[in-house]
Amino acid sequence: MKTRTRKHVATKRFQSQINITPLIDVLLVLLVIFMVITPVTPTGLDAAIPTPAPVSQTTPNTKPDTLILSVDEGGAIELNHSNVKSTAEVTSQLQDIFKTRSDRTIFVQGAKSLDFDVIAHVIDAAIGGGASRVGLLTEEIR
């Protein structure tokens, strides 16, 4: 009988290996969870880039449909090359323009030396005037 117990004790020894199966199960569950909670569609700002007007020699004096607000170094505001005194006047002029237009896109152009705070006030005035899409114009990138 003693030999049986010794043999029995020899087969019941502890194994020093780690069971990896539960760890792999947990890893796969976490992978599925992270795949589900990540957004599928990328989010970002819609960019509206103006296209250059085709060169037409027959009608050079046509009124452009693109609205451009520009601010120079001194803080003077222009709406399609006509001077505007203040942001309140920008708002009122844009409200009058957008009453008859379905496209409510406006482009804002500012001088390099200006702080963005000045441009932000002009953008706020444009949105207050009824603009739904605001594009920023920059210098040509080469």
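The structure displayed is predicted, hence computed values, not measured ones.

> Can you walk me through the environment of His 81 in this structure?
Take His 81: it is sitting in the loop between β2 (77–79) and β3 (82–84). In this structure, the C-alpha to C-alpha distance between His 81 and Ser 70, residues eleven residues apart in sequence, is 8.0 Å.

> Sorry, what's going on with unusual backbone geometry here?
Negative phi values dominate among residues other than glycine, just as trans dominates among peptide bonds. Positioned with a positive phi, Asn 80 is a non-glycine residue whose angle comes to about 50 degrees. Of note, His 81 is a non-glycine position whose phi angle comes to about 65 degrees, a positive value.

> What should I look at first to understand the pattern of salt bridges in this one?
Between side chains of opposite charge, a pair can form when the charged atoms approach closely. For the structure on display, the rule yields one salt bridge. Between Lys 99 and Asp 96 there is a salt bridge, with the nearest N and O atoms lying 3.8 Å from each other. For Lys 99, a relative accessible area of 67% puts it in the exposed group.

> Looking at this structure, I do not really get the environment of Asn 80. What am I missing?
Structurally, the position occupied by Asn 80 is in the loop between β2 and β3. Given the relative accessible area of 26%, Asn 80 is considered partly exposed. Through-space distance from the C-alpha of Asn 80 to that of Ser 70 is 7.9 Å; in sequence the pair is ten residues apart. Non-local contacts of Asn 80, meaning those with residues more than four positions away in its chain, are made with Thr 66, Leu 67 and Ile 68. Within the structure, the side chain of Asn 80 is placed 2.8 Å from the backbone nitrogen of Ile 68, a separation counted as a polar contact.

> It is not clear to me how the packing of helix α3 (residues 87–98) against helix α4 (residues 116–128) should be interpreted in this structure. Could you clarify?
Between two packed helices, the angle of one axis relative to the other and the distance separating the axes together describe the packing. Packing of α3 against α4 leaves a shortest axis separation of 8 Å and a crossing angle of 30 degrees. With respect to α4, the axis of α3 lies roughly parallel. For α3 against α4, the interelement crossing comes out right-handed. Only His 121, Ala 125, Ala 126 and Gly 128 of α4 make contact with α3, whose side of the interface consists of Thr 87, Val 90, Thr 91, Leu 94 and Gln 95.

> It is not clear to me how the pairing of strand β5 (residues 133–137) should be interpreted in this structure. Could you clarify?
Two faces, one strand: in a regular strand the side chains alternate between the faces of the sheet. Bridge count between strand β4 (residues 105–110) and β5: five bridges; the pairing is parallel. Bridge pairing in β5 links Gln 109 to Leu 137. Tracing the backbone out of β4, into α4 and back to the parallel element β5 gives a crossover that is right-handed.

> Any chance you could explain the pairing of β4 here in plain terms?
In this sheet, β4 lies alongside strand β1 (residues 67–71) in parallel orientation, the contact comprising five bridges. Note on β4: the bridge partner recorded for Ile 68 is Phe 107.

> Would you explain the confidence of the model for the chain in this entry?
Low pLDDT means the predicted atomic positions in that stretch should not be read closely. Counting all residues, the mean pLDDT for the chain is 79, and 77% of those residues have values of 70 or more. By mean pLDDT, the top-scoring element of the chain is helix α2 (residues 21–37) (92), and the lowest-scoring one is helix α1 (residues 2–11) (55). Contacts of residues 58–63 to residues separated by more than four positions or lying in other chains number zero contacts, the stretch itself having pLDDT below 50.

About the cut-offs
Residues numbered from 1 in each chain as written. Predicted model: local features only at pLDDT ≥ 70, side-chain atom pairs only at ≥ 80, totals over all residues. Heavy atoms only, no water. Helix = DSSP H or I, 4+ residues; strand = E, 2+ residues; numbered from the N terminus. Salt bridge = Lys/Arg side-chain N within 4 Å of Asp/Glu carboxyl O. Buried < 20%, exposed > 50% of the residue type's maximum accessible area, 1.4 Å probe, protein only. Contact = heavy atoms within 4.5 Å. Polar contact = N/O pair within 3.5 Å; in protein donor to acceptor, adjacent residues only side chain to side chain. Axes fitted to C-alpha atoms, helices over the stretch in contact; angles between N-to-C directions. Parallel < 35°, antiparallel > 145°, perpendicular 65-115°, else oblique. Left-handed = near helix turned anticlockwise from the far one by under 90°. Pairing = 2+ DSSP bridges. Right-handed = clockwise from strand over helix to strand, strands pointing away. pLDDT = per-residue confidence, 0-100.

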